[in-house]
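# Secondary and tertiary structure notes
Read off the chains here:
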Amino acid sequence: MDETMGQARRARPVVVIARLKAKPLVAGQLLCALALAALVVKQARGDTAGEVAASIVFGDAAMTALMGLALLGLVWFRRLWRWRHAYVRHDGATLYRGGSARWPLALVRDVVLVRSGAGLETLRLVVDDDSEVTRELVKLPLLEGSVEAVRGGVLFAAAGMRGVPGGVTVN
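Keep in mind that this is a model prediction, so the values were computed, not measured. (Residues numbered from 1 in each chain as written. Predicted model: local features only at pLDDT ≥ 70, side-chain atom pairs only at ≥ 80, totals over all residues. Heavy atoms only, no water.)

Let us now look at the nonpolar core. In terms of nonpolar packing, the biggest core is built from 27 residues, with Val88, Leu95, Leu123, Leu125, Leu137 and Val154 touching the most fellow members. If you list the elements that add at least two residues to this core, you get β1 (15-20), α2 (22-43), α4 (61-82), β4 (101-104), β5 (108-115), β6 (121-127), β7 (135-139) and α5 (147-162). In terms of nonpolar packing, the next biggest core, distinct from the first, is built from 6 residues, Leu39, Ile56, Met63 and Met67 among them. (Core = buried A, V, L, I, M, F, W, Y, C linked by side-chain atoms within 4.5 Å. Buried < 20%, exposed > 50% of the residue type's maximum accessible area, 1.4 Å probe, protein only. Helix = DSSP H or I, 4+ residues; strand = E, 2+ residues; numbered from the N terminus.)

Given below as structure tokens:
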């Protein structure tokens, strides 16, 4: 039974709603890699490979933490790069963001534009699952295309899942 469910899931066509810009992702990877390399060079001390490795890992704690952040940034930008051509997509039943986040289209209620405390605007998803929290869909500086197109695509897919077209009002 699991095999037939997997085949049915793979048989559904995937509709891409939003893509990511390539330039910010490449720039982010490059900056994180350069920062990591500079921090490692600054932290590395010793005559043997063991001493150099020990000084990198167990040297100045602040430098080690910064190296960890640069590495996490590199991994994050690389993961976004892998999903840049189909970042927000749906298969008729589920809405996907990247490789890890997914929501049933029947629970999607709205897509809102939110500005963070740092001034970064994001599109966030309002999901009807008894929580007061919205889910991040995409950061606007990374979005290729218009905000209205992404919002409309998500809402159209969600309305189709509920069986009522988005522009129809029932009295």
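That was the structure; now back to the text.
Attention now goes to a nonpolar patch on the surface. A grouping of Leu66, Leu69 and Leu72 is seen on the molecular surface, where their side chains present a nonpolar patch of about 310 Å² in accessible area. Position of Leu72 relative to the elements: it lies in helix α4. Take Leu72: its relative accessible area is 56%, and that puts it in the exposed class. (Patch = residues over 30% accessible without salt bridge, like charges linked within 9 Å, V, L, I, M, F, W, Y side chains within 5 Å. Areas by Shrake-Rupley, 256 points an atom, 1.4 Å probe, with all protein chains shown as cover. Salt bridge = Lys/Arg side-chain N within 4 Å of Asp/Glu carboxyl O.)

This next bit is on the environment of Arg124. Secondary-structure assignment places Arg124 in strand β6. By relative accessible area, Arg124 is classed as buried at 18%. When the C-alpha positions of Arg124 and Val112 are compared, they lie 5.3 Å apart, and in sequence the two are 12 residues distant. Of the polar contacts made by the side chain of Arg124, one reaches the side chain of Thr134; its length is 2.6 Å. (Polar contact = N/O pair within 3.5 Å; in protein donor to acceptor, adjacent residues only side chain to side chain.)

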